[in-house]
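# Chain and residue survey
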Amino acid sequence: MNVLIFLGGEKPSMKLAQHVARDCALIIAADSGYHAAMDNDVVPHILTGDFDSIGVKNIEGSFEVITAKEQNATDFEKSLRHLPEDISSIQILGGTGLRSDHFLTNLLIASGLRRDLPVVFHDDTQSLYRVTKHCHFKKELAPGTTISLIPFSKCNRVSTEGLHWNLQDADMGPTRQLGQSNRIDNPNVRISVKSGYLYVVVNRPTCS
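Right, let's talk about the layout of surface pockets for a bit. Approximately 660 Å³ is the volume attributed to the largest pocket. Lining the largest pocket are 28 residues, with Gln91, Val120, His122, Tyr129 and Lys139 sitting closest to its centre. For the lining of the largest pocket, the secondary structure elements donating two or more residues are α1 (14-21), β5 (89-93), β6 (119-122), β7 (126-131), β8 (137-140) and β14 (198-203). Partitioned by chemical class, the residues of the lining of the largest pocket number 13 nonpolar, 10 polar and five charged. There is about 460 Å³ of room inside the second largest pocket.

Now the structure itself:
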């Protein structure tokens, strides 16, 4: 089951929101992610959080509302409690932009999810794909597209295909090699890592 989570960061366009929601069987909104969903005519199945941003009285809709008032977990973490056992991917909207501390925390939280689970953050300028040993990046992309490899840990034996500057069994991470602003030469792009985790950032001029 593909799952979509709306968070309270940068609000996606209607085109992007509906495009991502189309392939997701379960939609979860976390606190002010409610507005990001409803303003784009996407009705969530579950709404959760402490509702300090929107207030319970302002919630309208026929969906399950689960209040989680504790402050030792973020709204993103609270939404992850409701993932089904048969989950096959997580798509996240509203997880980037606005506050950099929220954005970075979201990436760290996502880094700790099951290693074989595809996890993707989308906004109207980019998509960020988490890559692990058990979840490689394989996608057809337009030549000339800007792509970056951002290691969030020490990554060993990173290999790529289809990029202008390809890597072969490279070690990446803090104090190691980084991978900002590469570009795609061949539409069949492949990226793998033997250990650690990194985010592949694919830029786009408009949402698709």
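Let's pick the thread back up.
So, about the side chain of threonine 132. Within the secondary structure, threonine 132 sits in the loop between β7 and β8. For threonine 132, a relative accessible area of 1% translates into the label buried.

A few words on helix α4 (residues 100-111). The end-to-end C-alpha distance of α4 is 17 Å, a good match for the 16 Å that 12 residues give at a rise of 1.5 Å each. On its buried face, α4 sits against α3 (75-80), β6, β7 and β14.

Calculation criteria
Residues numbered from 1 in each chain as written. Predicted model: local features only at pLDDT ≥ 70, side-chain atom pairs only at ≥ 80, totals over all residues. Heavy atoms only, no water. 1 Å grid on protein atoms, 1.4 Å probe; cavity = no way out; pocket = protein on both sides within 12 Å on 5 of 7 lines; lining within 4 Å. Points joined across faces, edges and corners; volume = space filled by probe spheres on them. Helix = DSSP H or I, 4+ residues; strand = E, 2+ residues; numbered from the N terminus. Nonpolar A, V, L, I, M, F, W, Y, C, P; charged D, E, K, R; others polar. Buried < 20%, exposed > 50% of the residue type's maximum accessible area, 1.4 Å probe, protein only. Expected span 1.5 Å × (residues − 1). Contact = heavy atoms within 4.5 Å.

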